[in-house]
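# Observations on the three-dimensional arrangement
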Amino acid sequence: MDELKWLVVDFFQAVIAGLLVGGTYGLMCVGLGIIFGVMRVVNFAQGDFMMLGMYITYYLVTGFGVLSFLGPFVGPVVGATLAGPVVFAIGWLLHRYLLARVTGARVISAEAEGHYTQIIMTLGVALVLANGGLILFGSTPLSVQTPMSRESWEIALMFFNQARTVAFVLAILFAIALYLFLTRSDLGKTLRAAADNPIAAAYVGIDVDRSHRIAFGLGVGITAIAGGLLASTQSFQPYIGFDFVIVMYAGVVLGGMGSILGAFWGGLTIGLAQQVSTLFLPYQLQNTAIFVIFLLIIFFRPQGMFGRVWERA
Amino acid sequence: MLSIRSLEVSYGGLKALNEVSLDVEEGQFVAVVGPNGAGKTTLFKTISGIVTPAAGEITYKGKNLLTVPPNQRAQLGIAHVPEGRQVFASMTVMENLEMGSCTRKGRARRAELLTAILELFPILAERRNQLAGTLSGGEQQMLAIGRGLASAPDLLMLDEPSMGLAPTIVDAIFDRIEFIHRNHGVTILLVEQRVAEALELCDRGYVLETGRMVLEGSHDTLISNARVKHAYLGM
Amino acid sequence: MSRTDTVKQYCAIFAFAAIYLLIGWFVRNSYYQLMMTLVLIWATVGLSWNMLSGYSGMISFGHAAFFGLGGYTMTIAFVTFGITPWIGIPLGIVVGVIAGIIIGLPTFRLRGHYFALSMLAYPLAMLYVFEWLGYQEVSLPMKRETPALYAQFNDQRAYMLLALVLLVICMIISLHVERSRFGRSLLAIKQNEPAASAAGINPLRWKMLAMMMSAAIGAAAGGLYAIVLLVVTPQTMFGALVSAQALIMALFGGVGVFWGPVIGAAILVPLAETLNAELGNIIPGIQGVVYGIAIIAIIMLAPEGIYWRVREQLAGRHMVPANQPASSTPIPATVVGAVPEVEEPRVQVFAAEGPLLRLQGVCRAFGGLRAVDDVTLDIKVGAIHGIIGPNGAGKTTLFNVINGFLAADRGSITFAGADLTRLKPHDVCRHGIGRTFQVVRAFPRMTVLENVVIGAFVGSNSNAEAERLAMAALDRVGLADEQAHAIAGGLTTKQLRLMELARALAPRPRLLLLDETLAGLAHDALEDVLRIIRQINRDGVTIAIIEHTMHAMVKLVDRFSVLDHGKLIADGAPVDVVRDPTVIEAYLGRKWMERAQHSVA
């Protein structure tokens, strides 16, 4: 009887952990979702921008201690938030000088061949970032240790890791802010229009290339913030991007490629699945479980579970 | 207002437009008719800057249009309502119209313009919060025209507004186009396969075949021209 | 294509091998010997990638899966069961091929982004599985008694020789693939899959074969890599960098040609290795950075790779202008002469025999739009049957349903007594239905003859026969002479349309579906094409032709079917159809009708 009780407790504990991690994953996926949605580009380097977000947070909070005056609670949060604009700027420049050459209004309507050059270009960027990270940051796994990383709130037998809970709440807030930006502001609507129909967008006077640049910067910036939030509970090294790019694509595909809201739910579900899988799978196979889920989704429901996909008129 | 001289466009080795010239005067209704593959849509895409011509010139209000980047052409007061409607399917009707008024002029007068458009097409007012992708073909066409009008254009270019629509809806659409032309004083350049409707409405018409202008003239000369009838029915 | 060219390529391969061996033989430094071996291995891995992705255009980011399986199979067989690598490597190849089939079956259903992404997931999933199984770092045991029996040599040059033999074998295999029906079919699929399947090529079959061969080569390279390094880890065998390197070698050197990966490896591996050796301690990730920059640079400067860029440069210097003006190409006398000015009465006996193609109640909807709505229609043997209607009337959709690009929602399609309703395009083609496309779907990088040969594969058993059929078809459309060896990308509209006609004609179909073959043709060209179509019909091919305008059609067809909004609104002899008020209304609109009635009244 007692055993059963603990089994149930374990299960719910895993669900809570999954939701908390999943919130951050959701935000991460939203970043990727914007890029795919607007530019129709598969960005392989997305995981590496997340990695940059983690290191930027680390150096702001622990490494150089610039933010130490904010104390152990606010510091990491501010650090993660600041990683956003920094990575936004990197993404902006990268698009301006590299990606714009192989993407944009001209290529978007082209047949598959144009897309391959984009994918391969982002693969090159991913290799440079990951290995450049190795050069700059070294291979020692790091994490942003805060007092909250090991503390938990206990509510009704369940433990809520403090750092994860804070990250979860912030991830939701950022996701909501982004959602409002895309649905309420003129600039956000312009991005959606460029995503929906780039040709028609050009006809109504939208600069599609500029929209792509903003979307790319925004997408990698958001993912970097999510990375920064994750950094206080997850140890990382420069190669972490390759694992997370699959995690992110699993989320985005699950949510329906092109749907930004769907990407959030997709990421949340992936986090949940990952944590629940620890109940019956060895720790090392967590990622394998995600890859298998990813493949299953892609085979059986490529249009995703949450998003609505309109045939392009 | 718009003047095209000896325009040539090629795709690969194939000439899509050959020595095409055309004039649109302020306040006129000009129609270009012709069969599939004649190059009508290419002509429009060249005016909008999506296609770059091999030779020839386009002047708009005395300005060389070819040096203006595509997304700036809308700012000059040219609205292109594309073939196949091309509405923003995942956005609401209102958002589509707002996107239409992205230009400086449109943004400044947005509220006023949108009210006028919704009056023009009451069905769009009814469906204002519906996603454009869920509209019927005719409603999407009205939305596309509305989106074009939302930039407060001086020149409205309509690319086959009748495409794939049932005859009664086509009649309604042409009725609206005529109304816009007459009551709002918008200059209209229309490309159509439905020869009758197009020629009926226009002040001036052109017949485009295999990339060449084969016939041009006023409303009266074209409407009674036997060659037009022959070309489209083989009789 | 020719035999002499193949011999030349063989000579080049062996010359390359001999020079490489000669240089390698005199290199004494074991580090450089290892590097020379690694160049060969990575070239082989690049060839593995090229076999699938280079030839078929399905970009794979997961070739580490095959590489790793090959290496680990050999290692585990050796360590656990004492099986020599001489058997272990072939075993690894078998495992690799099986994995290729298992991966290919579901993954080939995906396209573009989805294919590339899911390929990335396979090796990464395997990586964690092998870690979990406890194979973090497996060393090959040293066999001091009989090292050669276990592929262990004191002299590094032995490994180099082994790697060279493997590479040469893979190069020769690749050469033959490029020259064969297999390679041609893959190239056709890469350039235009719908056109290839309409020409009777079964895309899945060829892609699967490419996947299996690619997996075999990758696994062999992985096995060899393991015996050279004597240790395997999940990261070195399944890591993302392995997959990336496979792609980079081919991409950098040249995609879709077997020299590409060899060139790529010869440049990049020494570069990255040297940097790694010189600076690896201070700058640990330099190798990856070099590869990353190499990719970015190549995409921006020479997206097809060095081989093609160099070839382009060379060709540009001494080549005759390829685009000869179209108007100067006369129709060969064989065709023109065969068409008398006075039209012979067409053989009407066919008409009595009944329908060749029968559509019954065929429907096809897209969402709410009924693109083809309950169409029932017979096309008689020997007829030229015109299908007309305004834009968006569903004409092309109807053809797509007939030739299997789209499945009918309801209704049936029978052709010469056989039910075609559920068949795929390549099977429909095999039944004897050829088609052309509204927007010409050429294989732009192939010559005219090669384009048509693709179409002729269905009707032939050998390459020679296919080429003969193709020449015959080109002769029928009047492109047999100098145009046959021109690159399709530089043709005029008329020539492209004729080439496509020849491609559809090459396997000697009984029915040709022509989709707006006359569109965009100027008057003279139009008359030529009309004459050719009539001649083809007189030779016994039934023709269904879609056209938007009527005037050219009235002179051509025996029967009209008019579609409007997916519905068949008229069906009959041309004279009757053009007088039908519904047809006139569909074409000219109601206002025209009203005006016409007024003027009569």
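Since this is a predicted model, take the numbers as computed values, not measurements.

Rules used throughout
- Residues numbered from 1 in each chain as written.
- Chains lettered and ligands numbered in written order.
- Predicted model: local features only at pLDDT ≥ 70, side-chain atom pairs only at ≥ 80, totals over all residues.
- Helix = DSSP H or I, 4+ residues; strand = E, 2+ residues; numbered from the N terminus.
- Rg over C-alpha atoms; globule rule 2.2 N^0.38 Å.
- Buried ≥ 20, exposed ≤ 12 C-beta atoms within 10 Å, placed from the backbone.
- Contact = placed C-beta atoms within 7 Å.
- Expected span 1.5 Å × (residues − 1).
- Bend = angle between axes of the 7 residues up to and from the residue.
- Core = buried A, V, L, I, M, F, W, Y, C linked by C-beta atoms within 7 Å.
- Nonpolar A, V, L, I, M, F, W, Y, C, P; charged D, E, K, R; others polar.

### Notes on the overall build of chain A
- Across its full length, chain A carries 13 helices and two strands.
- In terms of overall size, chain A behaves like a compact globule, its C-alpha atoms giving a radius of gyration of 19 Å where 313 residues would be expected to give roughly 20 Å.
- C-alpha extents for chain A along the principal axes are approximately 65 × 45 × 35 Å.
- Put simply, chain A has 313 residues, and 61% of those count as buried.
- Sequence separation of at least 24 residues holds for 79% of the intrachain contacts in chain A that already meet a minimum separation of 6.

### Overview of the overall build of chain B
- Looking only at helices and strands, one finds eleven helices and ten strands in chain B.
- Along the longest, intermediate and shortest principal axes, the C-alpha atoms of chain B span 45 × 40 × 35 Å.
- For chain B, buried positions account for 54% of its 235 residues.
- If you take every contact in chain B between residues at least 6 apart in sequence, the share linking residues at least 24 apart comes to 69%.

### Digging into helix 12 (residues 259-279) of chain C
- In this model, helix 12 of chain C (21 residues) spans 30 Å end to end at C-alpha, consistent with the 30 Å of a helix rising 1.5 Å per residue.
- Along helix 12 of chain C, the sharpest change in direction is near 25° and occurs at Ala 265 of chain C.

### Remarks on the nonpolar core
- Membership of the largest hydrophobic core comes to 392 residues, with the highest contact counts inside it found for Ile 246, Ala 250 and Phe 294 of chain A together with Ile 295, Val 452 and Ala 502 of chain C.
- Among the elements that line this core, the one with the most residues is helix 1 (residues 2-39) of chain A, at 15 residues.
- Among all residues touching Ile 246 of chain A, those that are not within four sequence positions of it are Ile 290, Phe 291 and Phe 294 of chain A together with Leu 120, Ala 121 and Leu 124 of chain C.

### What about the interface of chain B and chain A?
- Contacts between the two partners involve 26 residues from chain B, matched on the other side by 17 residues from chain A.
- Of all the elements in the fold, those that place two or more residues in the side of chain B that touches chain A are helix 2 (70-73), helix 3 (93-100) and helix 7 (137-149) of chain B.
- For the side of chain B that touches chain A, the element with the highest residue contribution is helix 3 of chain B, accounting for four residues.
- For the side of chain B that touches chain A, the per-class residue count stands at ten nonpolar, twelve polar and four charged.

These figures capture arrangement, not role.
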